[in-house]
Amino acid sequence: MSDTTPHPNRFAGKVAVVTGAASGIGRETALRLGAEGASVIAVDIAADVDGVAAQIVEAGGTALAVQSDVSERAGAEAPVDAALDEYGQLDVLCNIAGILAAAHSDQVPDEQWERIIAVNLTGVFYTTRRALPALVESKGSIVMAASTSALSGHPWMTAYSASKGGVLAMTRTLAMEYARRGVRVNAVAPGGITTPMVGGLQLPDDIDFSLFDRISPLDEFRGPETVASAICFLAAPEAAHINGEVLRVDGGTLA
Ligand code: NAP
């Protein structure tokens, strides 16, 4: 059975920035953090991030929407500044925004490579760099959205896999560097989760699908809420001694 019921008040008095909050895993994470008592800064390039913040407020929580592009330094830093301006503190940073595209690796267009690295890796760095001083002050935590593509070969996803491998390396580096200053840094590595990102993926049409045919044994639990519950666990005090870890949320695909 799947039970992803929020834990009321787990994040009471805490302030959380969630990027990619308009859709999929980021959306579920923002809603869950809001339901668990955090003041949420919901960040996305998509304008309908306003609706997610409104949904948190309607449910009795506290939230603010920031529409910005995390691949630009100013856009990546703005949500951290908004958290500090509005609430005076930052306790949790969830770097979830990301994009995916597929191509034969000898045919990846420059623009695809550059955009994926800019959003999935450079944007994560920009937001994290801005957030670290505030997180040191609050003894807060960071959760990154890596991917099973950082842990195993995902054909036709060279740029995406490279970006997620970078995110995982950044996670471990920061975990070591900031542990003694009280900041924990962990990552989730989802497998195939049912979100608009995966629904919209266009694979090259001349591929050997058997290379892509990894089967999730727990197929029925592929929804983004299963990843959001793992992200919130890693961000929460109950994970106080978990640092530099990557938690697969893939139904056992890579077990
Ligand atoms: P999603 O439903 O597409 O949500 C991602 C959100 O990030 C979208 O609202 C997207 O807006 C936003 N975004 C894209 N570029 C942005 C930018 N430059 N600045 C700010 N926001 C931006 O995807 P998801 O499946 O929930 O994925 C969330 C994270 O989990 C990603 O980092 C992804 O790589 C990772 N992940 C997902 C899976 C999976 O199977 N779904 C597996 C492994 C890892 P637009 O829709 O306008 O682009």
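Preceding block: the structure.
Residues numbered from 1 in each chain as written. Predicted model: local features only at pLDDT ≥ 70, side-chain atom pairs only at ≥ 80, totals over all residues. Heavy atoms only, no water.

Draft legend 1. Region of the structure containing the overall build of the protein chain. Scanning the protein chain for helices and strands turns up 7 helices and 7 strands. Along its sequence from the N terminus, the protein chain presents helices and strands in the succession β-α-β-α-β-α-β-α-β-α-β-α-α-β. For the protein chain, the spread of C-alpha atoms along the three principal axes comes to 50 × 40 × 35 Å. For the protein chain, with 255 residues in total, the buried portion stands at 49%. By sequence separation, contacts in the protein chain at least 24 residues apart represent 74% of the contacts at least 6 residues apart. Surface accessibility of the protein chain: about 11700 Å² in total, with carbon and sulfur atoms responsible for 52%. The average position of the 17 basic charges and that of the 30 acidic charges among the side chains of the protein chain differ by 10 Å. (Helix = DSSP H or I, 4+ residues; strand = E, 2+ residues; numbered from the N terminus. Buried < 20%, exposed > 50% of the residue type's maximum accessible area, 1.4 Å probe, protein only. Contact = heavy atoms within 4.5 Å. Areas by Shrake-Rupley, 256 points an atom, 1.4 Å probe, with all protein chains shown as cover. Lys, Arg positive; Asp, Glu negative; His and termini not counted. Charge placed at Lys NZ, Arg CZ, Asp CG, Glu CD.)

Draft legend 2. Just unusual backbone geometry, in detail. Within the chain, Asn9 stands out as a residue other than glycine whose phi angle is a positive 70°. Mapped onto the elements of the fold, Asn9 is located in the segment before strand S1 (15-19). Phi at Lys139 is positive, roughly 55°, even though this residue is not glycine. Looking at where Lys139 falls in the secondary structure, it is placed in the loop between helix H4 (110-138) and strand S5 (141-145).

Draft legend 3. Structural detail: the packing of helix H1 (residues 24-35) against helix H7 (residues 224-235). Between H1 and H7, the least distance of the axes is 8 Å, while the angle of their chain directions is 55°. Between H1 and H7, the interaxial angle falls into the category oblique. Here H1 and H7 pass one another in a crossing that is right-handed. Between H1, through Gly24, Ile25, Glu28, Thr29, Arg32 and Leu33, and H7, the contact on the second element is made entirely by Pro224, Glu225, Val227, Ala228, Ser229, Ile231 and Cys232. Taken together, the residues that form the contact of H1 with H7 break down as 7 nonpolar, 3 polar and 3 charged. (Axes fitted to C-alpha atoms, helices over the stretch in contact; angles between N-to-C directions. Parallel < 35°, antiparallel > 145°, perpendicular 65-115°, else oblique. Left-handed = near helix turned anticlockwise from the far one by under 90°. Nonpolar A, V, L, I, M, F, W, Y, C, P; charged D, E, K, R; others polar.)

Draft legend 4. View of the site of the ligand. Among the 30 residues in the neighbourhood of the ligand, the closest are listed as Ser23, Ile25, Tyr160, Ile193 and Thr195. Within the side chain of Ser23, a nitrogen or oxygen atom sits 2.6 Å from an oxygen atom of the ligand. Coverage of the ligand by the protein chains reaches 88% of its 880 Å² of free accessible surface. For the shell around the ligand, the secondary structure elements donating two or more residues are H1, H4, helix H5 (158-178) and helix H6 (196-199). Broken down by element, the shell around the ligand gets its largest block of residues, 3 residues, from H6. Grouping the constituent residues of the shell around the ligand by class yields 17 nonpolar, 9 polar and 4 charged. (Near = heavy atom within 4 Å. Polar contact = N/O pair within 3.5 Å; in protein donor to acceptor, adjacent residues only side chain to side chain.)

Draft legend 5. Region of the structure containing the environment of Ala103. Considering the arrangement of structural elements, one finds Ala103 in the loop between strand S4 (92-95) and H4. Under the relative-accessibility criterion, Ala103 is labelled buried at 11%. Distance in space between the C-alpha atoms of Ala103 and Gly20 is 23 Å, their sequence separation being 83 residues. Setting aside chain neighbours within four positions, we find Ala103 in contact with Val108, Gln112, Trp156 and Pro204.

Draft legend 6. Just H7, in detail. Over its 12 residues, H7 runs 17 Å from end to end, which matches the ideal 16 Å to within 8%, given 1.5 Å per residue. Counted residue by residue, H7 has 10 buried out of 12 residues, so it is predominantly covered. Of all the positions in H7, only Pro224, Thr226, Val227, Ala228, Ser229, Ala230, Ile231, Cys232, Leu234 and Ala235 are classed as buried. In this fold, the buried residues of H7 make contact with H1, S4, S5, strand S6 (184-190) and strand S7 (246-249). (Expected span 1.5 Å × (residues − 1).)

Draft legend 7. Local environment of the packing of aromatic side chains. A complete count under the given rule lists 1 aromatic pair for this structure. Geometrically, the ring pair formed by Phe125 and Tyr126 is tilted, given 6.2 Å between the ring centres and 45° between the ring planes. (Phe/Tyr/Trp six-rings, centres within 6.5 Å; stacked < 30°, edge-to-face > 60°.)

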